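The chain contents come next:
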Amino acid sequence: MVNYTVAEIAILLDGKIEGNAALTINKVSKIEEGSENSLSFLANPAYIPYLYTTKSSAVVVNSDFVPSQAISCTLIKVKDAYQSFARVLEIYNQNKIEGEGISTQSHIDKTAVIGKNVYVGPFSSIGKNVLIGYGGKICSHVYIGDHVEIGNDVMLYPGVKIMANCKIGNKVVLHAGVVIGSDGFGFAPQNGNVYSKVPQTGNVVIEDFVEIGANTTIDRATMGSTIIRKGVKLDNLIQIAHNVEIGENTVIAAQTGIAGTSKIGRDCMIGGQVGIVGHITIADKVKIAAQSGIMTSIVNEGEVVQGSPAFGKMSYSKSYAVYRKLPELNTKIYQLEKELEKLKQSLPIE
Amino acid sequence: MVNYTVAEIAILLDGKIEGNAALTINKVSKIEEGSENSLSFLANPAYIPYLYTTKSSAVVVNSDFVPSQAISCTLIKVKDAYQSFARVLEIYNQNKIEGEGISTQSHIDKTAVIGKNVYVGPFSSIGKNVLIGYGGKICSHVYIGDHVEIGNDVMLYPGVKIMANCKIGNKVVLHAGVVIGSDGFGFAPQNGNVYSKVPQTGNVVIEDFVEIGANTTIDRATMGSTIIRKGVKLDNLIQIAHNVEIGENTVIAAQTGIAGTSKIGRDCMIGGQVGIVGHITIADKVKIAAQSGIMTSIVNEGEVVQGSPAFGKMSYSKSYAVYRKLPELNTKIYQLEKELEKLKQSLPIE
Amino acid sequence: MVNYTVAEIAILLDGKIEGNAALTINKVSKIEEGSENSLSFLANPAYIPYLYTTKSSAVVVNSDFVPSQAISCTLIKVKDAYQSFARVLEIYNQNKIEGEGISTQSHIDKTAVIGKNVYVGPFSSIGKNVLIGYGGKICSHVYIGDHVEIGNDVMLYPGVKIMANCKIGNKVVLHAGVVIGSDGFGFAPQNGNVYSKVPQTGNVVIEDFVEIGANTTIDRATMGSTIIRKGVKLDNLIQIAHNVEIGENTVIAAQTGIAGTSKIGRDCMIGGQVGIVGHITIADKVKIAAQSGIMTSIVNEGEVVQGSPAFGKMSYSKSYAVYRKLPELNTKIYQLEKELEKLKQSLPIE
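Note that this is a predicted model, so its numbers are computed, not measured.

Asks: Quick question: what am I supposed to make of the overall build of chain A here?
Replies: Regarding its fold elements, chain A presents 5 helices and 39 strands. Against the 2.2 N^0.38 benchmark of 20 Å for 350 residues, chain A shows a C-alpha radius of gyration of 28 Å, more extended than a compact globule. Projected onto the principal axes, the alpha-carbon positions of chain A cover approximately 95 × 75 × 30 Å. Considering chain A as a whole, with its 350 residues, one finds that 57% of them fall into the buried category. Taken as a whole, chain A presents about 14,200 Å² of accessible surface, with 51% of it coming from carbon and sulfur.

Here it is as structure tokens:
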């Protein structure tokens, strides 16, 4: 990070300074690990005690925060400390440029068309009739198959593999080891138990602003396209099967798997290690708890589910609370049976 | 796709034409997205309405299908529309050749022996004493370790890694990022809590016609071989541990894991995200529902199980139906206790 | 394996010979698959019968073992046959050297500093200001980002990717396709449902003697470090999120995921496909059964848990036993209700 003054950072964040506007900032650090010239942030109330002892030169806080003790650091008061700090980190991060120009150790087919200011790292391979926009970074060991189309300002980390005919939008980020466009898992049984492959002739379409985590795999459609809509964020080691469609701005945590042809709504939040079967539809704004198994469509917008098979999260929690007491319940039923029997036998009736 | 006539396609599929046999076909499309010169298929009854409005030139249907309205397309009637269409897509797909010859940007040890008509892409590395049959495609960024043996007509997608001493059969397909022959997870505790590695000196053997999905990992045996038998199909992101054996034509969905030394029968169907513990045996033709946990051997051929730990799928479903009502059950038991108590107190008896 | 005599192996293992000390050993094999000049081991009593028929020249057994029948092989008696054999396999394995020297087909930035006797394979890329100790093996297709520091005697298998600024200790083993230092999954919602990325400016620190399985992913910290402590062993396809810390000698099986900022104790044993939510703490020596979901901190050292959400393993098993009988329980409650009603109606009271 180059040197900034507290005043410059406050302008950047649209913040108000309480303290010394002339201090130099050249690094960021956690509030409890601060040192001279470092900038920290305070968003979580649990960390307030550190404010009174921090060695950071300046701390970004929410505008409604009022210290209850004396402080030695300068405060930068902003509307939302967490978001503002994210902005600072982004600037800080701009130093992490991978490289420039086209490596002489890359392989680029002569029919590929690459825009201005694109970086291509060593050992990357770009196939026939590939189109790439401007400004992107294609790190080392990236494979881009024939007829792939890629937008502007993408970030393809080392070892990304994009198979033939797929389409990648603008400002897409694919982390290391991501595979886009592997064959869908389609086999037709024939002659007893031998399977013959159903050719997978479609592609994958990834729209603008999508980010996909390390070693995640997205299969191409049998026909048509597997589609990841604008702004979707996928974590690491996720499996997206053929012909799936994921709606705008849906966020999915690590190791979740979505089976073939299922359609996920927009603005959904899906936890880690969730499994979603094939050929179902999930409504918009649905929330799915981690490790859930979704076996049927979810039709109500904003539903919140848990369990395998999943149902309403509140109901699931109540059932699970009883599940933990099942041995007691079992004993109670046994005792009820015994007592009732005793009662019946002690009575002259029936 | 090159140009075909409807007549040519009908011959290929052993089908009967109803309509214009001379029409040109040069692409395939979904029935609802058809256009002139495209071929579609109709296997799922839900899509029948599209037949009457499709713009496809020809549609492949089952031989017993009779349209209930007027149609403008030509029909090709076949025994099994789904399988026939798969055959057409296969032909269509034959255009997707990755490349030819041996890239000058590859690394091939001088002791490696490679058969005729093998493609080796840029940045692929082939080690000492490797043997490769004829006709295979080894795409870019593939690693083949020393002493590996590979059969004929294999397809190794970009970034496949086959570690030393493993054996790959004929017509095997390994998708991008697959790792074959990584070390098994074997550590012996010693000196308190420090672990020392148990060397993994075996290999992996993959028989003919196996297909393995993207980023799946198969560990080498501690001694002997981890074995994937003929015709097995594995989806993406699966973990197969050391010394596992998977029987012929077994199919396993994404993100399933099989722990060390377990032996899976032939013709099994295993869902996604299943976990199978080590040192057990699964009988032939067993079906395991998605997300199940298999903790003990399954000895009966054709058993169908679910749950974690898994038991009979029907029984599991019944238990789960009650699980969803557990809070009500809990209340009922409470009321029964109260009523019984009340009854007892209202009676003169003891 | 080069030729050894039984006498040499006995010295190596601190064992006592019963039989012919001069026999030649040049391979290792399972006791049931032995042949001349091979060495086997016998640790599991189930394999004792093979001892009397094995064709292995020598068998390593525990010092207290006494054969009950005549044997034709030579015995090497040691304190712990399993561990001793591991030692032999380790020696045997030392032949599996990947290569020597720096490949001319690699890419090494001129500012990188590499120690003595390091192997760098073809198509590996080493960035700016990288520091690497002595004696390591960096196989093919490895990516090492700018400013990465790596210790001595590491083993980086093909396709390992270490992103910028991460630190790797001595004798670390990273299997094929491992990704170290991918961005943490951090996004702040803003403007409705659009997410903006929280820059991930920290790194990953991997201490000495750590081994990490194929295609496992470890995200860099948002700030500070994601830390994998000394002696930790991670299996394949595991996901470790940003700012996680894993204590010394903890062992984790395949496909487990740990969400952001959680802190795992030392000497823990975590099964496969476990999910651990973010922002919690797991005490030392905790054992977590496969497929469990950990939703809250575990504060007691040595606790053993199961389930999703997990609780005590014994309690879980008891609850699960009742779960399997839930339909019967349901029927019993229904019958109790009916009988009680009948009883009440047959009585003159109320």
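Asks: I keep staring at the sheet that holds strand β37 (residues 293-294) of chain B and nothing clicks. Help me out?
Replies: Across a sheet, paired strands are connected by hydrogen bonds in the backbone, their directions being either parallel or antiparallel. Residue and element names in this part refer to chain B. Here 10 strands make up an open sheet; going across it, the order is β8-β11-β14-β17-β20-β25-β28-β31-β34-β37 and the pairing parallel. With partners counted over all chains shown, the strands left at the sheet margins are β8 (107-108) and β37, one partner each. One ladder, built from 2 bridges, connects strand β14 (residues 143-144) with strand β17 (residues 161-162); its direction is parallel. The residue bridging Ile144 from the neighbouring strand is Ile162, located in β17.

Asks: Just checking my understanding: could you explain unusual backbone geometry for this structure?
Replies: Of all residues except glycine, most have a negative phi; of all peptide bonds, most are trans. The omega angle of the peptide bond from B:Ser308 to B:Pro309 is -5 degrees, so this bond is cis rather than trans. Position of B:Pro309 relative to the elements: it lies in the loop between β38 (304-307) and β39 (310-312). Positive phi is not limited to glycine here, since A:His279 has a value of about 65 degrees. Among the structural elements, A:His279 can be located in the loop between β34 (275-276) and β35 (281-282).

Asks: For this particular structure, what's the right way to read the interface of chain A and chain C?
Replies: Opposite the 59 residues of chain A that make contact, chain C presents 73 residues. When the two sides are added together, the surface that chain A and chain C hide from each other amounts to roughly 5,300 Å², 63% of it contributed by carbon and sulfur. Of all residues in chain A, A:Gln291, A:Tyr323 and A:Leu340 bury the most surface against chain C, accounting for 10% of the area lost on that side. In this assembly, chain A and chain C are joined by 3 salt bridges. A salt bridge links C:Lys332 to A:Glu337; its shortest N-O distance comes to 4.0 Å.

Asks: Can you walk me through the relation of the copies chain B and chain C in this structure?
Replies: Once chain B is rotated about the relating axis by 120 degrees and shifted along it by 0.0 Å, it coincides with chain C to within an RMSD of 0.2 Å. Put plainly, the chains are arranged around a three-fold axis. By C-alpha distance to the rotation axis, the residue of chain B lying nearest is B:Phe123, at 3.6 Å.

Asks: Sorry if this is basic, but what is going on with helix α5 (residues 326-346) of chain A here?
Replies: At 3.6 residues per turn, the α-helix brings residues three or four places apart onto the same side. In this model α5(A) runs 30 Å from its N-terminal to its C-terminal C-alpha over 21 residues, within 8% of the 30 Å that 1.5 Å per residue would give. Those residues of α5(A) lying buried are A:Leu326, A:Leu329, A:Asn330, A:Ile333, A:Leu336, A:Leu340 and A:Leu343. Along α5(A), the residues classed as buried sweep out an arc of 155 degrees about the axis, all on the same side. Away from its buried face by more than 90 degrees, α5(A) exposes A:Lys342 and A:Gln345. Buried residues along α5(A) sit in contact with α4 (313-323) of chain A, α5 (326-346) of chain B together with α4 (313-324) and α5 (326-346) of chain C.

Asks: In this structure, what is going on with the environment of A:Gly136? I would like to understand it.
Replies: Residues and elements named next belong to chain A. In this structure, Gly136 sits in the loop between β12 (131-132) and β13 (137-138). Look at Gly136 and you get buried, because its relative accessible area is 2%. Here the alpha-carbon distance between Gly136 and Ile114, two residues 22 residues apart in the chain, equals 9.5 Å. In contact with Gly136, other than residues within four places in its own chain, are Asn117, Val118, Tyr119, Asp153 and Val154.

Cut-offs used in this document
- Residues numbered from 1 in each chain as written.
- Chains lettered and ligands numbered in written order.
- Predicted model: local features only at pLDDT ≥ 70, side-chain atom pairs only at ≥ 80, totals over all residues.
- Heavy atoms only, no water.
- Helix = DSSP H or I, 4+ residues; strand = E, 2+ residues; numbered from the N terminus.
- Rg over C-alpha atoms; globule rule 2.2 N^0.38 Å.
- Buried < 20%, exposed > 50% of the residue type's maximum accessible area, 1.4 Å probe, protein only.
- Areas by Shrake-Rupley, 256 points an atom, 1.4 Å probe, with all protein chains shown as cover.
- Pairing = 2+ DSSP bridges.
- Contact = heavy atoms within 4.5 Å.
- Buried area = accessible area lost by both parts, 1.4 Å probe.
- Salt bridge = Lys/Arg side-chain N within 4 Å of Asp/Glu carboxyl O.
- Least-squares fit on C-alpha atoms with pLDDT ≥ 70 in both.
- Expected span 1.5 Å × (residues − 1).
- Arc of directions from axis to C-beta.

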